[in-house]
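Residue-level structural notes
The primary structure of each chain is shown beneath.
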Amino acid sequence: SSDVCIPQRVNCIGLENTKHIQTDMETLRFLCKKGKNKLELQTLNGNHYKTTPASINLFINMVNPIFFHSAKVNLVLIDPSEFSQNYVPFLKDVDGILVKTPYALEVMRTCLIQSNLFESSKEVDEKLHLVSWRSPNMGMNHVSKDYNKVLLFCDSTESGLYMELIKNWKEEWPSLQIVNGNYNRRVVNRNRDCKYPNIEFHDSIQNDSFHALFNECAFHLCLDESNCFDHLVNQAKSVGSIPI
């Protein structure tokens, strides 16, 4: 109800194992700081039952109706490839559905019309909105490119491609820099006694050092693509590196 609403606060609600969740949160934090009205962004676990009063609840690729009463406005930001069909019935009760790309807009429009939750396509169009969205700028002008370094950022928990690349990397190839390997169950369980030729693991790299390495590596291996919008590809291009 509106009497518990605290102005200038946004509850950002998601699940920890959702793809791109950390980058989406970082983007939202940047947008909140950029606006004229300073917004306080608070992140909440979407599986929790405790709610915090706020002006807006913004769900990312999930919906939990338990949180609805804690804010005047309930919005959901959707990547169709990461949004479970189990959440679709709850979309009838949110105030707005946000997507990042025209492709995602068409996918969700078709999905909502076919769901029979709405009386007309006009009602769907009134609730569904395309928003301006970009990856956070990670460019650092003082960092020089190293064309003998290839970055591999592990952004998938289950993918087996990372470990296959690691095991088959040739010693004569450029140095392979592995970041966020602990996020992938196969990489984190790798044989620690094994010597991997020309590979460096950054398991506990700090944020500033990661940004510097991200700029330094001239090549970035991007192993998957999400509805024509992938943070790793966009960010590699934004810092002048070559995505592969």
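Notes on the structure in this doc start here.

How each quantity is defined
- Residues numbered from 1 in each chain as written.
- Predicted model: local features only at pLDDT ≥ 70, side-chain atom pairs only at ≥ 80, totals over all residues.
- Heavy atoms only, no water.
- Pairing = 2+ DSSP bridges.
- Helix = DSSP H or I, 4+ residues; strand = E, 2+ residues; numbered from the N terminus.
- Axes fitted to C-alpha atoms, helices over the stretch in contact; angles between N-to-C directions.
- Phe/Tyr/Trp six-rings, centres within 6.5 Å; stacked < 30°, edge-to-face > 60°.
- Buried < 20%, exposed > 50% of the residue type's maximum accessible area, 1.4 Å probe, protein only.
- Lys NZ or Arg CZ within 6 Å of the ring centre and 35° of its normal.
- Expected span 1.5 Å × (residues − 1).
- Arc of directions from axis to C-beta.
- Salt bridge = Lys/Arg side-chain N within 4 Å of Asp/Glu carboxyl O.
- Right-handed = clockwise from strand over helix to strand, strands pointing away.

What follows is about the sheet that holds strand S6 (residues 128-130). Reading across the sheet, the 6 strands line up as S2-S1-S3-S4-S5-S6 and stay open at both edges, with parallel pairing between neighbours. Each having just a single partner strand, strand S2 (40-45) and S6 make up the two edges of the open sheet. Strand-to-strand twist in this sheet, taken as the mean axis angle between neighbours without regard to direction, amounts to 25°. As paired elements, strand S3 (residues 54-60) and strand S4 (residues 71-78) share 6 bridges and run parallel to each other.

Taken as a whole and judged by the stated rule, the model has 8 aromatic pairs. Judged by centre distance (5.6 Å) and plane angle (45°), the rings of Phe-83 and Tyr-87 are tilted. Pairing Phe-210 with Phe-214 gives two aromatic rings, centres 5.7 Å apart and planes at 70°, and the pair type is edge-to-face. One end of the pair is Phe-210 and the other is Phe-214, both in helix H6 (residues 207-216) and 4 residues apart, which spans about a single turn. The pair Phe-210 / Phe-214 is uniform in exposure class, with both members buried. Within the aromatic cluster, the residues linked to one another by ring pairs are Phe-59, Phe-67 and Phe-68. The ring of Phe-201 has Arg-190 lying over it, and the distance from NZ or CZ to the ring centre is 3.5 Å.

Once that is clear, we can look at unusual backbone geometry. Positive phi, close to 65°, is recorded for Asn-116, a residue that is not glycine. Within the secondary structure, Asn-116 is located in the loop between helix H2 (102-115) and helix H3 (121-127). Within the chain, Asn-180 stands out as a residue other than glycine whose phi angle is a positive 70°. With respect to the secondary-structure elements, Asn-180 resides in the loop between strand S8 (175-179) and helix H5 (185-188).

On to H2. In this model, H2 (14 residues) spans 20 Å end to end at C-alpha, consistent with the 20 Å of a helix rising 1.5 Å per residue. Within H2, the full set of buried residues consists of Ala-104, Met-108, Cys-111 and Leu-112. Buried residues of H2 fall within an arc of 95° about the axis and therefore sit on the same side. Those residues of H2 that are exposed and angled more than 90 degrees off the buried face are Pro-102 and Gln-114.

For the rest of this paragraph, the subject is the pattern of salt bridges. Pairs can form between side chains of opposite charge whenever their charged atoms are close. A full pass over the atoms with the stated rule returns 9 salt bridges. Taking the shortest distance from any N to any O, the salt bridge between Arg-9 and Glu-40 comes out at 3.5 Å. A residue pair is termed long-range when its members are at least 10 positions apart, and Arg-9 in strand S1 (residues 9-14) and Glu-40 in strand S2 qualify at 31 residues. Among the residues examined, Arg-9 registers a relative accessible area of 16% and is labelled buried. Two residues, Arg-192 and Asp-203, come together in a salt bridge whose shortest N-O distance is 3.1 Å. Of this pair, Arg-192 sits in the loop between H5 and strand S9 (199-202) while Asp-203 sits in the loop between S9 and H6; the two residues are 11 residues apart in sequence, bridging distant segments of the chain. Classification of Arg-192 by relative accessible area gives partly exposed; the value is 47%. Overlapping salt bridges bring together Arg-190, Arg-192 and Asp-203 as one network.

Another aspect to go through is the pairing of strand S7 (residues 146-153). The pairing of S7 with strand S10 (residues 217-221) spans 4 bridges and is classified as parallel. Note that in S10 the partner of Val-150 across the bridge is Phe-219. Across 5 bridges, S7 lies against S8 in parallel orientation. Note on S8: the bridge partner recorded for Lys-149 is Ser-175. In this region the chain leaves S7, passes through helix H4 (residues 161-168) and returns to the parallel neighbour S8; the handedness of that crossover is right-handed.

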